[in-house]
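If you want the building blocks of each chain, they are given just below.
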Amino acid sequence: MSHALQDQRPAPARKSPAPAGLTRGGLPRWAPAGIAVLSIALGCGIGLVADLHSKIQWGLIASLLFIGITYAASAVVENRRQAKDRVTTSLVWVCFVLAVIPLLSLIWTTVSRGMKVLDGDFISHSMNGVTSFEEGGGVYHALLGTIEQIALATLIAAPIGLLTAVYLVEYGRGSLAKAVTFFVDVMTGIPSIVAGLFILTTWNLALGFGPSGFAGSMALSILMMPVVVRSTEEMLKLVPNELREAALALGVPKWRMILKVVLPTAIGGIATGLMLAVARIAGETAPIMLLVFGTQLINNNPFEGAQSSLPLYIWEQYKVGSDASYDRAWAAALVLIAFVMILNLVARGIARWKAPKTGR
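Cut-offs applied
Throughout this document, residue positions are counted from 1 along each chain, in the order its sequence is written. In keeping with the model being predicted, local features are shown solely for residues with a pLDDT of at least 70 and side-chain atom pairs are shown and tallied solely at 80 or more, while totals for entire chains, interfaces and linings include all residues. Side-chain numbers come from the whole structure's heavy atoms, not from hydrogens or water. Under the DSSP-based scheme used, a helix requires at least four consecutive residues in state H or I and a strand at least two consecutive residues in state E, with every element numbered from the N terminus. Here the term buried applies to any residue with accessible area under 20% of the maximum for its type, exposed to any over 50%, and partly exposed to those in between, with areas from a 1.4 Å probe on protein chains only. What counts as an axis is a line fitted to C-alpha atoms, over the stretch in contact for a helix, and the angles between N-to-C directions run from 0 to 180 degrees. Oblique is the label for any angle not covered by the other classes, which are roughly parallel (under 35 degrees), roughly antiparallel (over 145) and roughly perpendicular (65 to 115). Definitions for this section: a left-handed crossing has its near helix turned counterclockwise from the far helix by less than a right angle. A right-handed crossing has that turn clockwise. Note on contacts: a residue pair qualifies if any of its non-hydrogen atoms lie within 4.5 Å across the two residues. Nonpolar side chains (Val, Leu, Ile, Met, Phe, Trp, Tyr) within 5 Å and like charges within 9 Å form the patches, drawn only from residues with over 30% relative accessible area and no salt bridge. Note that accessible areas follow from Shrake-Rupley with a 1.4 Å probe, and for residues the cover is restricted to the protein chains shown. A side-chain nitrogen of Lys or Arg and a carboxyl oxygen of Asp or Glu constitute a salt bridge if their distance falls within 4 Å. Definitions used for this entry: grid spacing 1 Å over protein atoms alone; cavity, a set of points where a 1.4 Å probe fits but cannot get out; pocket, an open set with protein on both sides within 12 Å along at least 5 of 7 lines; lining residue, one with an atom within 4 Å of a point. Grid points are joined across faces, edges and corners, and a volume is the space filled by probe spheres set on the points. Gly falls in the polar group here, along with every residue not listed as nonpolar (Ala, Val, Leu, Ile, Met, Phe, Trp, Tyr, Cys, Pro) or charged (Asp, Glu, Lys, Arg). The span you would expect from a helix comes to 1.5 Å times its residue count less one. Each residue is assigned a bend, namely the angle between axes fitted to the seven residues that terminate at it and the seven residues that start at it. The term disulfide is used for any two cysteine sulfur atoms that are within 2.5 Å. Where each domain starts and ends comes from a domain assignment, either automatic or drawn from a database. When two parts are put together, the accessible area they lose, computed with a 1.4 Å probe and summed over both, is reported as buried area. In protein, a polar contact means a hydrogen-donor-capable atom and an acceptor-capable atom, both N or O and within 3.5 Å, with residues adjacent in sequence counting only if both atoms are side-chain atoms; elsewhere, any N or O pair within 3.5 Å suffices. UniProt positions are given in the numbering used here, feature names are shortened, and annotations may be inferred rather than shown by experiment.

When you line up the elements, V111 lands in helix α4 (residues 80–114). Take V111: its relative accessible area is 34%, and that puts it in the partly exposed class. Measuring from C-alpha to C-alpha, the distance between V111 and L334 comes to 6.4 Å, with 223 residues separating the pair along the chain.

Turning next to the packing of helix α6 (residues 140–171) against helix α12 (residues 267–282). Where α6 contacts α12, the two axes come as close as 11 Å, and the packing angle between them is 135°. The orientation of α6 relative to α12 falls into the category oblique. Between α6 and α12 lies a crossing whose hand is right-handed. Residue-level inspection shows I150, A153, T154, A158 and L162 of α6 in contact with α12, the latter providing I270, L274, V278, I281 and A282.

Moving on, we get to a nonpolar patch on the surface. A contiguous nonpolar patch, built from L103, L106, I107, V111 and M115 and spanning about 440 Å² of accessible area, is present on the exposed surface. Residue placement: M115 occurs in the loop between α4 and α5 (120–124).

Moving on to empty space enclosed by the protein. Evaluated as defined, the whole model comprises one cavity of 30 Å³ or more. The space that makes up the largest cavity amounts to roughly 50 Å³. Surrounding the largest cavity, T146, Q149, I150, L220, I281, A282, E284, I288, S309 and P311 form its lining. In terms of residues, the lining of the largest cavity owes the most to one element, α6, which gives three residues. For the lining of the largest cavity, the class distribution of residues is six nonpolar, three polar and one charged.

Taking 1.5 Å as the rise per residue, helix α8 (residues 192–206) with 15 residues should run 21 Å; its terminal C-alpha atoms sit 20 Å apart, in good agreement. The sharpest bend along α8 comes to roughly 30°, located at L200. Every buried residue of α8 is listed here: S192, A195, G196, I199, W203 and N204. Contacts made by the buried residues of α8 are with α9 (213–237) and α13 (286–291). Positioned one or two residues after α8, G208 has a phi angle of 85°, which is positive.

In this section: α9. Taking 1.5 Å per residue, 25 residues should reach 36 Å; α9 reaches 35 Å between its end C-alpha atoms and fits that length. Bending of α9 peaks at approximately 30° at the position of M224, with proline P226 no more than four residues after it. The buried fraction of α9 is high, at 20 of 25 residues.

Turning next to the state of the cysteines. Tallied over the full model, the rule gives zero disulfides. Here C44 is not cross-linked by a disulfide; its sulfur's nearest cysteine counterpart is in C95, at 20 Å. Judged by relative accessible area, C44 falls into the partly exposed class, the value being 30%.

Further remarks concern the domain arrangement of the chain. Here the chain is described as being made up of domain 1 (27–113) and domain 2 (140–354). Taken together, the contact pairs four residues of domain 1 with six residues of domain 2. Here domain 1 and domain 2 share an interface that buries about 490 Å² over both sides, 69% of which is from carbon and sulfur atoms. Of all residues in domain 1, T110, V111 and R113 give up the largest surface area on contact with domain 2, accounting jointly for 87% of the area buried on that side. At the junction of domain 1 with domain 2, the criterion picks out zero salt bridges. For the interface between domain 1 and domain 2, the tally reads zero residue pairs in polar contact (both at pLDDT 80 or more). Partitioned by chemical class, the residues of the side of domain 1 that touches domain 2 number one nonpolar, two polar and one charged.

Glancing now at the UniProt feature "transmembrane region" (unreviewed entry) in the chain. UniProt's feature table lists "transmembrane region" (unreviewed entry) at residues 30–50, 56–77, 89–108, 150–169, 181–203, 209–229, 261–282 and 329–351, given in the numbering used throughout. Along residues 181–203, the helical share is 87% and the strand share 0%, with 26 Å between the first and last C-alpha atoms.

Annotation from UniProt places "domain: ABC transmembrane type-1" (unreviewed entry) at residues 143–347. The straight-line gap between the two end C-alpha atoms of residues 143–347 is 19 Å; of that span, 80% is helix and 0% is strand.

Laid out in structure tokens, this is it:
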């Protein structure tokens with residue numbers, strides 16, 4: 001009987017063989033790098049044979065060859081599904097390289113051209129007594145004006161933008177919040193010249209004040225506010241509601257909960273958004289031309305008299321057209337980039353220092 005029962009047991013099912021398309025070999029790990037080198041060599045060769053003078057055309061040809069060779073090699077060695085995956089990855093890498101190359105080219109050109117005259121004397125001297133066609137002079141007056149104008153604009157825009165974002169996230173309901181959101185979106189796209197004309201009409205013409213760094217700061221703060229509002233609003237929305245509910249459950253007033261729980265939790269993102277706003281206004285020239293006028297002298301008082309700024313200084317020097325002025329313009333551009341970078345690093349350090357500690 002036992003033998004009969006054993007004979008009636010079903011035989012174990014055999015594993016069906018995997019489709020042939022899924023078991024084929026794969027490309028070696030060095031294949032993408034090898035294909036990239038081959039594509040660059042072919043792109044350069046085609047560019048030389050076709051007498052293409054633009055290196056951009058060579059790069060585009062190499063990019064297309066890289067994508068095409070990757071698909072063909074993967075389709076032959078692997079399968080079409082894997083080939084489509086590799087093509088998608090190749091497109092991502094090509095887009096990344098195309099985005100990074102202009103940035104690296106800009107940095108290299110600015111550093112190589114700006115380092116010709118950038119030294120201690122250039123930072124610590126103004127253009128007082130130096131004609132635009134002569135060598136020498138410096139950027140101290142423009143750097144001082146930029147620091148003062150951006151500091152005043154930040155003092156104006158940061159509190160207003162922060163409080164507006166807190167209102168929209170924590171208190172805003174109904175038509176008023178919708179109206180504030182709408183006008184913030186509209187202000188985001190305002191051209192800088194319009195902000196300068198608004199301050200020129202109200203502050204200078206209507207109230208009778210003269211050119212000053214403070215007038216330029218007010219125009220810059222108009223450009224800065226919507227960026228601060230939007231970035232802070234998004235950061236506050238990322239704070240978990242559980243933290244708010246826990247604080248309110250302990251009997252903490254809402255204003256204190258916002259001050260002690262919500263803002264410290266989002267301080268890193270808020271600082272990053274503030275630096276984005278500073279970078280937005282650091283290179284503006286039109287409001288400074290209208291309201292600050294520019295000068296070759298050092299003016300420590302931003303509330304009285306004309307001042308200069310780094311963007312305006314760059315434009316003035318480049319407009320002259322001499323070799324010495326071109327060198328000063330590139331050096332000032334390098335100083336401006338370094339200035340924004342230092343501000344970004346300082347803000348990140350403060351945000352990390354003030355951020356709530358995580359751990360047990």
